[in-house]
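Notes for the structure review
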Amino acid sequence: MMPPTRLAGTLIPAMAFLSCLRPESWDPCVEVVPNITYQCMDLNLHKIPDNIPSSTKDLDMSFNPLRNLGSHSFSNFPELQVLDLSRCEIQIIEDDAYQGLNHLSILILTGNPIQRLFPGAFSGLSSLQTLVVVETNIASLEDFPIGHLKTLKELNVAHNLIHSFKLPEYFSNMPNLEYLDLSNNKIQNIYHKDLQVLHQKPLLNLSLDLSLNPLDFIQPGAFQEIKLHELTLRSNFNSTDVMKASIQGLAGLQIHQLVLGEFKNERNLERFDKSILEGLCNLIIEKFRIAYFDTFSEDAIDSFNCLANVSTISLVHLYFNGLKQLPKNLGWQRLELVNCEFEQFPTWKLDSLKELVFSANEVGNTFTQVKLESLEFLDLSRNDFSFKSCCSERDLGTTRLKHLDLSFNNIITISSNFLGLEQLEYLDFQHSSLKQVSDFSVFLPLKNLRYLDISYTHTQVAFHGIFNGLISLQILKMAGNSFQDNFLPNIFMELTNLTILDLSDCQLEQVSQVAFNSLPKLQLLNMSHNHLLSFDTLPYEPLHSLQTLDCSFNRIVASKEQELRHFPSNLSSLNLTRNDFACVCEHQSFLQWVKDQRQLLVEVEQMVCAKPLDMQGMPMLNFRNATCQVRKTIITVSVFTVLLVSLVVVLVYKFYFHLMLLAGCKKYSRGESTYDAFVIYSSQDEDWVRNELVKNLEEGVPPFQLCLHYRDFIPGVAIAANIIQEGFHKSRKVIVVVSQHFIQSRWCIFEYEIAQTWQFLSSRAGIIFIVLQKLEKSLLRQQVELYRLLNRNTYLEWEDSVLGRHIFWRRLRKALLDGKPRSPEGMADAEGS
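Thresholds applied
- Residues numbered from 1 in each chain as written.
- Predicted model: local features only at pLDDT ≥ 70, side-chain atom pairs only at ≥ 80, totals over all residues.
- Heavy atoms only, no water.
- UniProt positions renumbered as here; feature names shortened; annotations may be inferred.
- Pairing = 2+ DSSP bridges.
- Helix = DSSP H or I, 4+ residues; strand = E, 2+ residues; numbered from the N terminus.
- Axes fitted to C-alpha atoms, helices over the stretch in contact; angles between N-to-C directions.
- Contact = heavy atoms within 4.5 Å.
- Polar contact = N/O pair within 3.5 Å; in protein donor to acceptor, adjacent residues only side chain to side chain.
- Phe/Tyr/Trp six-rings, centres within 6.5 Å; stacked < 30°, edge-to-face > 60°.
- Buried < 20%, exposed > 50% of the residue type's maximum accessible area, 1.4 Å probe, protein only.
- Salt bridge = Lys/Arg side-chain N within 4 Å of Asp/Glu carboxyl O.
- Arc of directions from axis to C-beta.

Looking at an unreviewed UniProt entry, one finds the protein named Toll-like receptor 4, with Lynx pardinus as its source organism. As recorded by UniProt, the Sequence similarities (unreviewed entry) comment attached to the protein reads in full: "Belongs to the Toll-like receptor family."

Once that is clear, we can look at the sheet that holds strand β25 (residues 411-414). Spatial ordering of the open sheet is given by β23-β25-β27, a layout of 3 strands whose pairing is parallel. Where the open sheet ends on each side, the last strands, each with one partner, are β23 (387-390) and β27 (433-435). The average undirected angle you get between the axes of adjacent strands in this sheet is 30°. Both β23 and β25 contribute to a ladder of 2 bridges, which runs parallel. Residue pairing for β25: F387 is matched across the bridge by I412.

Moving on to the environment of S123. One can find S123 in the loop between β8 (116-117) and β9 (130-132). Sequence-distant contacts of S123, defined by excluding residues within four places in its chain, comprise D96, Y98, Q99 and H148. One polar contact links S123 to D96, side chain to side chain, over a distance of 2.7 Å. Reaching out from S123, the side chain makes a polar contact with the backbone oxygen of G120 at a distance of 2.9 Å.

Right, let's get into the packing of aromatic side chains. Considering all chains together, one arrives at 26 aromatic pairs under this definition. Seen in terms of ring centroids, F74 and Y98 are 5.7 Å apart; in terms of plane orientation they differ by 0°. Their pairing is stacked. On the criterion of sequence distance, the pair formed by F74 in the loop between β4 (68-69) and β5 (82-84) and Y98 in the loop between β6 (92-93) and β7 (106-108) is long-range, its members being 24 residues apart. In terms of burial, F74 and Y98 fall into one category: buried. Ring geometry for W798 and F808: centres 5.1 Å apart, planes at 85°, overall edge-to-face. With W798 in the loop between β44 (796-797) and α14 (802-817) and F808 in helix α14, this pair connects stretches of sequence that are 10 residues apart.

Moving on to the pattern of salt bridges. This structure, assessed with the given rule, holds 14 salt bridges. Of the charged contacts, one joins D351 and K349 as a salt bridge, the two residues approaching to 3.2 Å between their closest N and O atoms. Looking at D351, the relative accessible area reads 53%, which means it is exposed. As a salt-bridge pair, K733 and D818 come within 3.6 Å of each other at their nearest N and O atoms. Here D818 lies in the loop between α14 and α15 (824-832) and K733 lies in strand β42 (residues 731-738), a separation of 85 residues in the sequence.

Restricting attention to buried positions, one finds in helix α3 (residues 240-248) the residues V242, M243, S246 and I247. Angularly, the buried residues of α3 cover 130° about the axis, an arc narrow enough to put them on a single face.

Turning next to the sheet that holds β6. The strand order across the open sheet formed by 3 strands is β4-β6-β8, and the pairing between neighbours is parallel. Each having just a single partner strand, β4 and β8 make up the two edges of the open sheet. In terms of strand pairing, β6 meets β8 through 2 bridges, oriented parallel. Note on β8: the bridge partner recorded for I93 is L117.

Below, the structure is given as structure tokens:
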């Protein structure tokens, strides 16, 4: 054992050396895109690691203790475009910290406890477009040194300590500013002077988010004649009176979109009051959105009067209680009702409405027929609706419909072929359960349809004319369905304008050679997640415009050499990853083709061998064709050697136990036998052996010693060895208990065959046959030798009667006494019995 002093002398220098190794000198970062993108999150780094190349464009250094950023901290990385420094414990940013980052467009400083920003902290960022300084203890925008960032488009200062809404004068130097996030600060009041910079130099595309600020007062006229792209006020007011007064304070504002309401987990107002929105009459609004109010009752109908001229209304997470009608003369063109709760499907009359989105609502599962004659766009997705009859003008109340989305609903029965809906260009049924869609040409009238999605609709395609009439279709998605016999026939005869086809996850095993003959314009074909076994390229040959083919996640083993000649000439992307490739010399031409087509194949490095087992997981590119030539010679020699060795082994194996028995006969021929008889029987007949044979012979007079495998075989020794050494070599006789179970047992037949050899080698008439039951001749003839032997030799037949048992045991004892050394007592006892 090493002495303590010597051990300490070894460990102390080693620990000192390890303490000098800092993470920056290792290779701890994740290389997402070589030389471009690196992730160094939460690695306890104090600076950028030395191994990060200067060509890096995207760098994530979040959750590292950088603490202070000195001058030119990132000057070694002039190509940086995105820099994430979230939660790096940064307290001080000195002048010129980012100097040299002329290409940086996104800088994230979220969650840093910044205590001091030098006046030139952000100098040198001549291309910065997005600056995120959330949770950084900023108390005022006026002292924030970013006035020189003329390219800035987005400024996010949410979750800080800003009390004043006063927009600094340097905003006039930011003509590109489009988004200012001041949410979750401490702003309570908004005055006219706070918006002076917008009065002097309007930013027409500016969007303001003031959500989660505790607003108490907006000075009337503060927003007079100001134009904004968007204003968001959510969870700002602690009472309806404050909200009403604040909305009135917005008078004179011209805005593209106004967003009001609350957040799901930040609810201040329990009930919607109809007077809240009265102040909106003094605003010019193009789009209006309101979210999260518990009750929107019928008496709130007048609230919409001030929104009559709005083009788009979006109502999200509202509860409508008895709102059966809307004011007349509403000029709405688009209405969005999302995640709302209704007592019944609304049948509001809106003559001007062109687009209706009614999605993910709670309204029962029954769709009510609507009458919206101007409607062109209808989204009824995610409502769990069932349609007993779909789809026609009578169901949807319009003949102008161009867009229909019925995805993620319940059962939809196609009972009419879209009569009156001939103008449809977009149709989506995905993840709804379609009925009768493959019974006839349901899409026949839709000659203008360009997009059709029937993915995962439990459709089994049996009718070859299912897509007849779709002469303008460009995109067809039918993933997750099935085909008769898992075979893809030519069902695309009339789809000559198709450019995108998705047949993934359809359990396809085979593809017709003419399946794609009518698709000359097809550019993208997805055949992934099927059960294709061979990569037969012949069906793809007519696809002259095909650019992308995805056959990943199939069971493809290889492709024949002649099949690889039929590829479309314009193909630029082929995905064959996640297949069951066999990397064997039989497919040498295919493996070489993979190497030659590296530019064509997607993620060719991820194409790995599935067979043989010793190459499983190995990249196909690592397969060496030269090994196949060597293997041919080795295989020839090996086959000859194996055949020779196999012949010897077969002969040895066939006669092994006979040789073993012969050796034993010589060894035990002069010795006395341990047992009177070795009993061969089926385990199914063990009860008879234990209760009848053993009891009568071993407990009778004279007693006979039987060798029984369950009792006398030596544990740990092979069964065959026990049979020969303990059974035959140490026994005078062999008792064979013949039954139907015996004939059907391989072990019993093996023991019987060895017994024959034993009898021949020992020159004894030593086999006693006991037939337990009547045997069918057809069954007995399956064992020819046994059948012949029973016909030529006398055997004992068990009969379960008093006389039959007496005769049976008398004859069996007599046979066992033959050759048994007898004592005078045994002689007398035997005669007495």
